[in-house]
Structure formats: C-alpha cells, structure tokens
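# Structure at a glance
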Amino acid sequence: MNSQYVVAKFGGTSVADFEAMSRCAQIIKDNQNVKVVVVSACAGVTNHLVTLTKQKDALEERLEIVAAVADIQQKIIDEIALDVDLAQGYEQTFSEFKQLAELPALNKQQCDEMLSFGERFSSYLFTQILRNTGIKSERFDVRKVLKTDNQFGKATPDVAATREAAQHHLLPLLESAVQVTQGFIGSDQYNQTTTLGRGGSDYSAALLAEAIEAGSVHIWTDVVGIFSTDPRLCQMAKPIPRLSFDEAAEMATFGAKVLHPATILPASRRGISVFVGSSRDPLAGGTWIERDKSAVPGIRAVTQRKNQILLTLKSPEMLLASGFLARIFTILSNYNISVDLVTTSEISVALTLDNALNASRPELDQDCLDELNEFCHVTVENNLTLVALIGSEIQLKQCELNLMQTLSDFDIRLICHGASKHNLCFLVDQADSDTVVQTIHQKLLEVA
Ligand code: ASP
Ligand code: MG
C-alpha cells in the first residue's frame, strides 16, 4: 500500500533562493511520508528560457541571459557546496544549456529542450539542500518515467506508459531515499524532451502521485491556499478550506493560476487529495481539495483571467447548415488550441482562448487563422478578461439580480452559464476587470 505516500511539489518562488529552499527542506523533514519531491525551476528562470527559445536576440544578448540564469543558481550553490555526483551532473547540464543557447535557431523539439533546463538545474540544488538538512535524497530524472506524446510546448501525458515506467523505475527507489525530481518536463517515445505547458509542474506532481498510487499531493506555493478571490485585489478575500474536485477544476481553469488546471484530472481519477499551502508559512493551513459528494451549494469564489482572445466566426453558410462547428473545432484541435468559452447564434460562433503572458508558444497560430478564414469571416479581439463565479449548484436566480445591477455600468461581452453548475462566466474589458471583480466580491461574497 502506497496510500500513505505523499508527493510534494515546490513552485518557483518556493525554490527561488537558498532561504526559500531551506524552508522547503524543513517541510519535508517534518513529514516522513513525503517520498517524491517535484521541483519547479527557480523563480524567473523559465521566463529567461522562454526568451531564449524565441532566438530574437543577438548572440551577445543571449549569452547575457545565460549569465543571468547561471547567477540565480550560483548564489544558491555558493551556500551549499554540491557533492561530487551532483556537481558533475550540474556542470554537464549547464554546458548542454550553453551550447543550445549559442545556436542561431531552434526547432520545436530544441525549444522544449531549452525550457527543460530550469527544472533540471533546480533539482540538483534541491537534492543537496535535503542532504544538508539530514534527509537521505537522490536526484531522479523524471524523463525516465513521465511519458508524453510529441506535441512540443504542450505535450499530453501518456498515463498508462507513465504508470508502468514509474512502477518499474521510481517506486522501488522510494524506500531507500527521497527522490527529488523535475516538474513540467517529460519525454516522448523516442526519449526526446517535452514540456507540459507553463505552470505544468503541479500537473507533473499529480501524474506521478497517480502513477505510484500515492494518497496525496502537497502543492507548496507562495499563498496559504486558494482564495475566494485574489487577495492583492480584495482585502477581504479569504482562503477556502475545502473544495471539491469539480470546484477546484473550475477555479484552476478560470482563475488566478494558483494551480495548473490539469492537476485535478489525475487526482480525481484516483481520489488523491490535493493540499495547497504556503512554503513560507506551512503551519498557516491551506486548501484541501478532495472528492466530496456533498459540496455546499453557493458561490465560493470569483476569479479573473486576463489576456483573453475573443474569436468571432461568421458565415452565412452556417444558416441551417450542419457541420460548421465541427469544421471549426477540427481546425482548432489540429493546432492543439484549447477553447474556454463558446456561444453560438444562427450564423456565428464566438469563442475564447487564453493568451497567457510568457506562454511557451503562441496560442493562436497565423496558419490556423488562415485556415479558418477560408470558409468564414474571423474577427479577433484582444484585451479582454474572463471573469468567473465559481461554486456548486450556482443558480442564476441566486445572483442574477444582484449581478446585473452591480454590473450595469460595465460592458459585458459574452456570458456563459448552464453547461456546468459550477461556474458562471463572462468577458469584460481588461481595463474594467479589477473593479468588476472587487465589486462582485463585495456584493456576493462578503455578505455574512
Ligand atoms: N517552470 C515552469 C514554469 O514556470 C513550470 C512550473 O513552474 O510549473 O512555467
Ligand atoms: Mg505554478
């Protein structure tokens, strides 16, 4: 039985420097059930790597970025003295990184190779920190077990292959030492490096927990759980102690990116509980996400996602025709584009895509737009924010009146409700969205 096993994941800010890493080591020391540790790249490193994949800068500037990455890590190395095995591995990996950065152009596979270095570096350093804290630990290359397809930049995990490999290569190691491994990266069937998309380390942790049949995943980040809204925006925002898998999936999809949305999939498939807490303040509690048949009805949170693209596709041919939607979605799926909201009228379809800042690939490909333009008129609008009310059994009547009155001053572009009882979403101008969220939180969530 591995159900007492815990997979602990530490995000970029939790492993940002020596002090932050040392706090995380203490968390692991305090919980003997932590057998697998998944680390992100040190804060800031992946953004540097994304810049390098764009290869827009001259060699000299690229080497400055390489130096900036080296510097973030060197500050930690200066405090810890790497053991020989880790020092050799780190130096070898660093020289591969530098060589790749010197190339004038990178193909998609090489871009993923480039993006993988942050996690590969931080896992060497973190292993040493655990050893220095008196915890027996080894570094484990996750690419041996986390198998994916070859959609570079946003690969899809192969759950069965990952499970088989993890049972074979990872599970037997857990009795003898804590295994420190990388989030975000994997490998395809030819062992080429792939990545799961920005923020993917949470997802890695849940996939590994599923593969070794662990009982829980602990996501350590820089906030004490998932909040009723972004606390930087509303002083009255409160951490939510418990969420069901469905609510958490909606929060992660539409929300403030505390958790990668796909994390909930493996967890809910296997009933693995997920804890989200702050590595700065581990005793302050956090949010537990669990299978919960009796979720309390009502609105639990309001979230926003900026930088949305609204695509409106119009065609008179759609009138009384069938297959128009299928055609659109086939094209989007060929480009591996995921759509968040959809509304349709007789001759048009509106849909939203997430255009996250610093994404490891652009969400909307020009080739894709060209293909769509062949059979319909496409309009693209930017600078929009998706606002979502999240909860359980959300009924329009609960909030409709209040909501519509509250928002009468704002231009609402599109509303979606009904497909799920866990959310009600709409688009507003990005310039208004902070005020919209503050207003909704105050009117609907701060009532006693
Ligand atoms: N380092 C990657 C990123 O910044 C993955 C992660 O931290 O989850 O997106
Ligand atoms: Mg994250």
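Everything here concerns the structure above.
Before going into details, it helps to say that this report is about the structure given with it. (Residues numbered from 1 in each chain as written. Chains lettered and ligands numbered in written order. Predicted model: local features only at pLDDT ≥ 70, side-chain atom pairs only at ≥ 80, totals over all residues. Heavy atoms only, no water.)

With that out of the way, let us pick up helix α4 (residues 84-102). Across its 19 residues, α4 extends 27 Å between first and last C-alpha, which sits within 8% of the 27 Å expected from 1.5 Å per residue. Those residues of α4 lying buried are Leu86, Ala87, Gly89, Tyr90, Thr93, Phe94, Phe97, Leu100 and Ala101. One side of α4 carries all its buried residues, which in axial view fall inside an arc of 165°. Within α4, the exposed residues directed more than 90 degrees away from the buried face are Val84, Gln88, Glu91 and Gln99. (Helix = DSSP H or I, 4+ residues; strand = E, 2+ residues; numbered from the N terminus. Expected span 1.5 Å × (residues − 1). Buried < 20%, exposed > 50% of the residue type's maximum accessible area, 1.4 Å probe, protein only. Arc of directions from axis to C-beta.)

Moving on to the environment of Phe126. Looking at where Phe126 falls in the secondary structure, it is placed in helix α5 (residues 108-132). With 21 residues separating them in the primary sequence, Phe126 and Ala105 have C-alpha atoms 31 Å apart. Not counting the four nearest positions on each side in its chain, Phe126 is found in contact with Phe10, Val15, Met21, Cys24, Ala25, Ile28, Val37, Val39 and Val180. (Contact = heavy atoms within 4.5 Å.)

Now for unusual backbone geometry. Here Phe184, not a glycine, exhibits a phi torsion of approximately 75°, which is positive. The residue Phe184 is located in the loop between β4 (178-182) and β5 (185-187) in this model. Backbone geometry places Asn383, a non-glycine residue, at a positive phi of 60°. Examined against the element boundaries, Asn383 turns out to sit in strand β14 (residues 377-392).

This paragraph deals with the environment of Ser116. The topology assignment puts Ser116 in helix α5. C-alpha of Ser116 to C-alpha of Phe184: the two residues are 68 residues apart in sequence and 7.6 Å apart in space. The contact partners of Ser116, leaving out residues within four places of it in the chain, are Ile185 and Thr193. At a separation of 2.9 Å, a polar atom in the side chain of Ser116 contacts the side chain of Arg120. (Polar contact = N/O pair within 3.5 Å; in protein donor to acceptor, adjacent residues only side chain to side chain.)

Another aspect to go through is empty space enclosed by the protein. According to the stated counting rule, one finds 1 cavity of 30 Å³ or more in the structure shown. In this structure, the largest cavity encloses a volume near 40 Å³. In this structure, the largest cavity is lined by Val159, Thr162, Arg163, Leu207, Glu210 and Ala211. Those elements that place two or more of their residues in the lining of the largest cavity are α6 (159-170) and α7 (201-212). Within the lining of the largest cavity, the residues separate by chemical class into 3 nonpolar, 1 polar and 2 charged. (1 Å grid on protein atoms, 1.4 Å probe; cavity = no way out; pocket = protein on both sides within 12 Å on 5 of 7 lines; lining within 4 Å. Points joined across faces, edges and corners; volume = space filled by probe spheres on them. Nonpolar A, V, L, I, M, F, W, Y, C, P; charged D, E, K, R; others polar.)

If you check the shell around ligand 1, you find Ser40, Ala41, Thr46, Glu119, Phe184, Arg198, Gly199, Gly200 and Ser201 and nothing else. Thr46 has a polar side-chain atom sitting 2.8 Å from a nitrogen atom of ligand 1. A distance of 3.0 Å separates an oxygen atom of ligand 1 from a polar atom in the backbone of Ser201. Coverage of ligand 1 by the protein chains reaches 87% of its 260 Å² of free accessible surface. Partitioned by chemical class, the residues of the shell around ligand 1 number 2 nonpolar, 5 polar and 2 charged. (Near = heavy atom within 4 Å. Areas by Shrake-Rupley, 256 points an atom, 1.4 Å probe, with all protein chains shown as cover.)

Moving on: helix α3 (residues 59-80). For α3, spanning 22 residues, the distance from its first C-alpha to its last is 32 Å, which sits close to the expected 32 Å at 1.5 Å a residue. Within α3, the axis deviates most sharply at Gln73, by approximately 25°. Where α3 terminates, the next one or two residues include Ala81, which has phi positive at roughly 55°. (Bend = angle between axes of the 7 residues up to and from the residue.)

Let us look at the nonpolar core. Counting 102 residues, the largest nonpolar core has Phe10, Val37, Phe97, Phe126, Ile212 and Ile289 as its most contacted members. Here the element with the most residues in this core is α5; it accounts for 10 residues. (Core = buried A, V, L, I, M, F, W, Y, C linked by side-chain atoms within 4.5 Å.)

Together, Asp365, Asp367, Asp370, Glu371 and Glu374 give the surface a local cluster of negative charge. The residue Asp365 is located in the loop between β13 (348-354) and α11 (366-373) in this model. (Patch = residues over 30% accessible without salt bridge, like charges linked within 9 Å, V, L, I, M, F, W, Y side chains within 5 Å. Salt bridge = Lys/Arg side-chain N within 4 Å of Asp/Glu carboxyl O. Lys, Arg positive; Asp, Glu negative; His and termini not counted. Charge placed at Lys NZ, Arg CZ, Asp CG, Glu CD.)

Here the focus is the sheet that holds strand β10 (residues 286-290). Strands sit in the order β3-β4-β2-β1-β7-β9-β10-β8 across an open sheet of 8 strands; the sheet is mixed. With partners counted over all chains shown, the strands left at the sheet margins are β3 (137-139) and β8 (242-244), one partner each. With direction set aside, neighbouring strand axes in the sheet form an average angle of 20°. Two elements, strand β1 (residues 6-10) and strand β2 (residues 34-39), share 5 bridges in a ladder whose sense is parallel. Of the residues in β2, the one forming a bridge with Phe10 is Val39. Sheet strands touched by helix α1 (residues 18-29): β1, β2 and β7 (216-221). Its angle to β1, the strand with the most contacts, is close to 170°. Contacts between helix α8 (residues 245-254) and the sheet are confined to β8 and β10, with β8 contributing the most and set at about 95° to the helix. (Pairing = 2+ DSSP bridges. Axes fitted to C-alpha atoms, helices over the stretch in contact; angles between N-to-C directions.)

So, about the side chain of Arg139. In this fold, Arg139 is placed in strand β3. Separated by 3.3 Å, the side chain of Arg139 and the backbone oxygen of Arg120 make a polar contact. Of note is the side chain of Arg139, whose polar atom sits 2.9 Å from the side chain of Ser123.

The next thing to look at is the packing of aromatic side chains. Applying the stated criterion across every chain, the model contains 12 aromatic pairs. Ring centres of Phe324 and Phe375 lie 5.9 Å apart, and the angle between their planes is 80°; this geometry places the pair in the edge-to-face category. Of the two residues, Phe324 sits in helix α10 (residues 324-334) while Phe375 sits in the loop between α11 and β14, which places them 51 residues apart along the sequence. Phe324 gets classed as buried once you look at its relative accessible area, which sits at 8%. Of the residues examined, Phe375 reaches a relative accessible area of 9% and is grouped as buried. Clustering of aromatic rings is evident, with ring pairs tying together Tyr90, Phe94, Phe97, Phe117, Phe121 and Tyr124. Positioned above the aromatic ring of Phe375 is the side chain of Arg327, whose terminal nitrogen or guanidinium carbon lies 3.9 Å from the ring centre. (Phe/Tyr/Trp six-rings, centres within 6.5 Å; stacked < 30°, edge-to-face > 60°. Lys NZ or Arg CZ within 6 Å of the ring centre and 35° of its normal.)

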